[in-house]
Amino acid sequence: MADPYQNQIYNQGGHDGYGYQGDYPPQEEDAASDVTEGHDEEDQMYEGEYQGIPHPDEVKAAAVSELQELSEQYEDIMEDCGHGRFQWTLFIVLGLALMADGVECFVVAFVLPSAEKDLCLSNAEKGMLGLVVFLSMMVGAFLWGGLADKVGRRRCLIVALAINCIFAFLSSFAQGYGFFLFFRLLSGVGIGGTVPIVYSYFSEFLQMDKRGEHLSWLCMFWMIGGIYASFTAWGIIPRYGWGFSMGTEFQFHSWRVFVLVAALPAIASLVGLTFMPESPRFLLENAKHDEAWMILKQVHDTNWRAKGQPEKVFTVTHIKAPKTAEDEFIEIQSATGTPIQRWAVRSLTLGKLVLKNVASLVSVELRFATLFMAVIWFCMAFSYYGLSVWFPDMIKHLQREEYESKVKVFHKVRVENFLFNFSLENQIHKEEEYIRDKFISIEMKSVKFVDSLFEDCHFEDIKSTDTVFENCTIRSTVFYNTDLWEEKFIDCRLENTTFEHNKHGCHLDTMEENDVLIYLVSFLGSLAVLPGNIISALFMQKIGRVKIIGGSMLISAGCTFLLFLSSSQSAIIALQCLFCGVSVAAWNGIEVVTVELYPASKRATAFGVLNALCKLAAVLGSSIFASFVGVTKAIPILLSFAALVGGGLVALRLPDTREKILL
């Protein structure tokens, strides 16, 4: 028996583009005339027929027929153009844009250990900085995805990448937290549009039998972005000497150099896009027949010339592309008034059309597809990003426990007339007395003084990290050029104590071994994606998108249960690599199916909405999972397991789109 949901997908209509009733102004259904009164409903004559006006149902049927005819003709043209140099060039250019998106997800995480000192960030400010990345990308995905269906894929992608490059550049020079946060916010809004546009754009240059495989190969660039970010952060950030300063007001440390280097993929993609044409399918949707024909001819000639057959002629002479009612409306509204009024009208009308397109995703024809895909995107993102935060946080927690287990405790020691010219690290001093001692040019790291006495002591040129004095008595003591501020003295009694030339602002800590491990873990997690990417790309067309998504999500769910057995850093790193390697196949399938389920007039919009939902799930997942680090492993494991199993089972209900012509 045929699946009614599948029939809805393959016989879908919508509300935009030709083939969708939303392209035409709503028509009132007139009552039947007196002549037809008393007849059966099937025998009633449409009153407008007397005036030669077609019935609305006939208009809709004709529009659907036109869309199907265009889709089939476009598929034939792409097969005639072949797959060659043009697609591979576009593959590299769009891959760099996708790589830039992958880099963006890692930039803030990598610079925070250094930036928190350089910008004097509190824990709340660090949390906001990490949160704003995903929230801004969520806004960008929704905004640029909707605009790409109305303004153009190439045009929107160029603007989005330009915004990302400009504000990423400015953020590297921002000296205050407020400006840095603002610039990273706008940078995220720009880069957020890459994923919805890139997949929609590239899919419209691929023939049906190449679509699944090559869209999966394109996904590899996100992995390459993670590797690039990890590798460059590892090579640049620890090199503090790479920066420079201009007095005390302007500091440019090595982490800022990394922020600039991280923008290079976006810059390279932006340059490449200036040589790429618009999607011809988008142009046909907007009745720009001549431009579309020229681009298709360019694709055809480029490919066959590279294959050594320059004599092969592009035989297409006409592609049916009716002018939509929306185009006419915009042109009429934009033809009068002052330039500002025309701009305002265009912007307002464009906004309404974008929102109308978004609303059409839950129309009768598309609501099941949208609901199923929303569940799958949310479940996958919730688990993937939640565990992506949980893995490194758990490693840090285990490192901290190991570090604290090696703490040295000193009790009731009296030290007089002694010069401390060596660093103190991971120590606790209880009920001790320091009389006429000097602490000169040393570093105090994770040092705690409790119930101790300091009398006639001298502290000079001190650099401290996680160092506090609790319930101590400090008499006749001088602190000169130190960073031991008031908040580091908890419930202490300060008698005749002076602070001279205290260090202002914050400072960068020296490189820690733990920081290197952060880069290494991210690098291995990104590299582990490679096998899953290759396998999913090779079998996407043979096995099918549905089985790959469902199977990968269920296997990933099984991997999460192995976390109950992990009790060491190496075990967690190994399981992270396994989880990333399996889950990437599901991501590839999800992105391919999202492209194929929606018509051209809604493709980028749907992708943008679903990707925005993905970023929301990422925020929720990372926040919830991080809160249980050091508390319990059970809840994050069970949450991720439930989400992956639920999403995997829903994915198995999707239709097989391998042989589906893009509408």
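See the structure printed just above.
The structure reproduced in this document is the subject of the present report.

How each quantity is defined
Per chain, the residues get numbers from 1 upward, laid out in the order the sequence is written. Reporting in this predicted model follows two pLDDT cut-offs: at least 70 for local features of residues, and 80 or more for side-chain atom pairs to be given and counted; totals over whole chains, interfaces and linings ignore these cut-offs and use all residues. The basis for the side-chain values is all heavy atoms of the structure; hydrogens and waters are excluded. Any two strands with at least two DSSP-identified bridges between them are counted as paired. Only DSSP runs of H or I covering at least 4 residues are called helices, and only runs of E covering at least 2 are called strands; the numbering of each starts at the N terminus. Between N-to-C directions, angles span 0 to 180 degrees; the directions come from axes that are lines fitted to C-alpha atoms, helices contributing only their stretch in contact. Only protein chains enter the accessibility calculation, which uses a 1.4 Å probe; a residue is then buried when its area is under 20% of its type maximum, exposed when over 50%, and partly exposed in between. The contact rule is simple, with two residues in contact once any of their heavy atoms fall within 4.5 Å. Throughout this description, the term salt bridge denotes a Lys or Arg side-chain nitrogen within 4 Å of a carboxyl oxygen of Asp or Glu. For the purposes of this section, nonpolar cores are sets of buried Ala, Val, Leu, Ile, Met, Phe, Trp, Tyr and Cys residues that join through side-chain atoms within 4.5 Å. A cavity, in this analysis, means grid points on a 1 Å lattice covering only the protein atoms where a 1.4 Å probe fits yet has no way out; a pocket is instead an open set bounded by protein on both sides within 12 Å along at least five of seven lines, and a residue lines either one if it has an atom within 4 Å of a point. Grid points are joined across faces, edges and corners, and a volume is the space filled by probe spheres set on the points. Polar here means any residue other than Ala, Val, Leu, Ile, Met, Phe, Trp, Tyr, Cys and Pro, which are nonpolar, and Asp, Glu, Lys and Arg, which are charged; Gly is therefore polar. Geometry of aromatic contacts follows a simple scheme: Phe, Tyr and Trp rings, the Trp one being its six-membered ring, pair when their centres are within 6.5 Å, and the pair is stacked under 30 degrees between planes, edge-to-face over 60, tilted otherwise. Only when the NZ atom of a Lys or the CZ atom of an Arg is both within 6 Å of the ring centre and within 35 degrees of the ring normal do we say a charge sits over the ring. By definition here, a helix of n residues has an expected span of 1.5 Å times n minus one. By the definition used in this description, the sense in which the near helix is turned from the far one sets the handedness, with an anticlockwise turn below a right angle giving left-handed and a clockwise turn giving right-handed.

**Notes on the sheet that holds strand β10 (residues 453-455)**
Here comes step 1: Spatially, β4-β7-β10-β13-β16 is the arrangement adopted by the five strands of the open sheet, whose pairing is parallel. Each edge of the open sheet carries a strand with a single partner, namely β4 (414-416) and β16 (493-495). On average, each strand axis in the sheet is tilted by 5 degrees relative to the strand beside it, whichever way the strands run.
Here comes step 2: Where β4 meets strand β7 (residues 433-435), three bridges bridge the pair, whose relative direction is parallel. Bridge pairing links R414 to E433 in β7.

**Quick word on the environment of F202**
Here comes step 1: Within the fold, F202 resides in helix α7 (residues 194-203).
Here comes step 2: Accessibility expressed as a relative area gives 0% for F202, which makes it buried.
Here comes step 3: Once residues within four sequence positions are removed from consideration, F202 is found in contact with Q87, L90, F91, L94, H214, L215 and L218.

**Looking at the environment of L520**
Here comes step 1: Assignment of secondary structure puts L520 in helix α16 (residues 513-527).
Here comes step 2: Residue class for L520 comes out partly exposed when judged on its relative accessible area of 29%.

**Notes on the pattern of salt bridges**
As a working rule, side chains carrying opposite charge can pair if their charged atoms are close by.
Here comes step 1: Inspection of every chain in the model, using the stated rule, returns 18 salt bridges.
Here comes step 2: R184 serves as the salt-bridge partner of E104, at 3.0 Å between the closest nitrogen and oxygen. Remark: R184 occurs in helix α6 (residues 177-191) and E104 occurs in helix α3 (residues 85-118); sequence separation between them is 80 residues.
Here comes step 3: Its relative accessible area of 3% is what places R184 among the buried residues.
Here comes step 4: Salt-bridge contacts for E425 lead to K445; the nearest nitrogen and oxygen are separated by 3.8 Å. Taken together, the residues span a long stretch of sequence, with E425 in strand β6 (residues 424-430) and K445 in strand β9 (residues 443-450) at a distance of 20 residues.
Here comes step 5: For E425, a relative accessible area of 39% puts it in the partly exposed group.
Here comes step 6: One network of salt bridges, with partners in common, ties together D149, R153, E204 and R603.

**Quick look at the nonpolar core**
Here comes step 1: In this structure, L94, F110, Y199, L218, M373, W587 and Y598 are the most contacted members of the largest nonpolar core, which totals 153 residues.
Here comes step 2: Every residue in contact with F110, bar those within four places of it in the chain, is listed here: A229, S230, A233, I237, F258, I518, Y519 and S522.
Here comes step 3: By size, the runner-up hydrophobic cluster in this structure holds 20 residues, among which are F439, V447, C457 and I462.

**Some words on unusual backbone geometry**
Here comes step 1: One non-glycine residue, S476, lies in positive phi territory at about 45 degrees.
Here comes step 2: Its place among the elements puts S476 in the loop between β13 (473-475) and β14 (478-482).
Here comes step 3: Taking the relative accessible area as the measure of exposure, S476 reaches 28% and is therefore partly exposed.
Here comes step 4: The phi dihedral of D491 falls on the positive side, at around 55 degrees, and the residue is not glycine.

**So, empty space enclosed by the protein**
Over the atoms, a rolling probe the size of a water molecule traces out where space has been left empty.
Here comes step 1: Following the criterion strictly, the structure yields three cavities of 30 Å³ or more and no others.
Here comes step 2: Computed from the structure, the largest cavity encloses a volume of approximately 80 Å³.
Here comes step 3: Lining the largest cavity, in full, are S71, Y74, E75, S203, E204, L206, R211, R281, R603, I661 and L662.
Here comes step 4: Per-element tally for the lining of the largest cavity: the top contributor is helix α2 (residues 56-81), with three residues.
Here comes step 5: Of the residues that constitute the lining of the largest cavity, the class distribution is four nonpolar, two polar and five charged.
Here comes step 6: Estimates place the volume of the second largest cavity at around 60 Å³.
Here comes step 7: In terms of lining, the second largest cavity is formed by A100, V103, E104, V107, N164, A168, R184, A262, A263 and A266.
Here comes step 8: For the lining of the second largest cavity, the elements supplying multiple residues, two or more each, are α3 and α5 (153-173).
Here comes step 9: Broken down by element, the residue count for the lining of the second largest cavity peaks at four residues, all from α3.

**What about the packing of aromatic side chains?**
Here comes step 1: Per the stated rule, a full pass over the model turns up 48 aromatic pairs.
Here comes step 2: Taking the centre distance of 6.3 Å and the plane angle of 70 degrees together, the rings of F418 and F422 count as edge-to-face.
Here comes step 3: A centroid spacing of 5.8 Å and a plane angle of 50 degrees characterise the contact between F420 and F422, whose relative ring orientation is tilted.
Here comes step 4: For F422, a relative accessible area of 39% gives the class partly exposed.
Here comes step 5: Three or more aromatic residues joined by ring pairs form one cluster here, namely F418, F420, F422, Y434, F439, F449, F454, F459, F469, F479, F489 and F499.
Here comes step 6: In this structure, R281 is placed above the aromatic ring of Y74, and the distance from its NZ or CZ to the ring centre is 5.6 Å.

**Some words on helix α12 (residues 289-306)**
Here comes step 1: Given a rise of 1.5 Å per residue, 18 residues ought to cover 26 Å, and the 26 Å separating the end C-alpha atoms of α12 matches this to within 8%.
Here comes step 2: Along α12, the residues that are buried comprise H289, A292, I295, L296, V299, H300, D301, T302, N303 and W304.
Here comes step 3: Phi turns positive one or two residues past the end of α12, at G308, with a value near 85 degrees.

**Re the packing of α3 against α6**
Here comes step 1: Closest axis-to-axis distance for the α3/α6 pair is 10 Å, and the angle between their directions is 145 degrees. Between α3 and α6 lies a crossing whose hand is left-handed. Residues A97, A100, D101, E104 and V107 of α3 form the contact with α6, whose own contacting residues are R184, S187, G188 and I191.
Here comes step 2: Partitioned by chemical class, the residues of the contact of α3 with α6 number four nonpolar, two polar and three charged.

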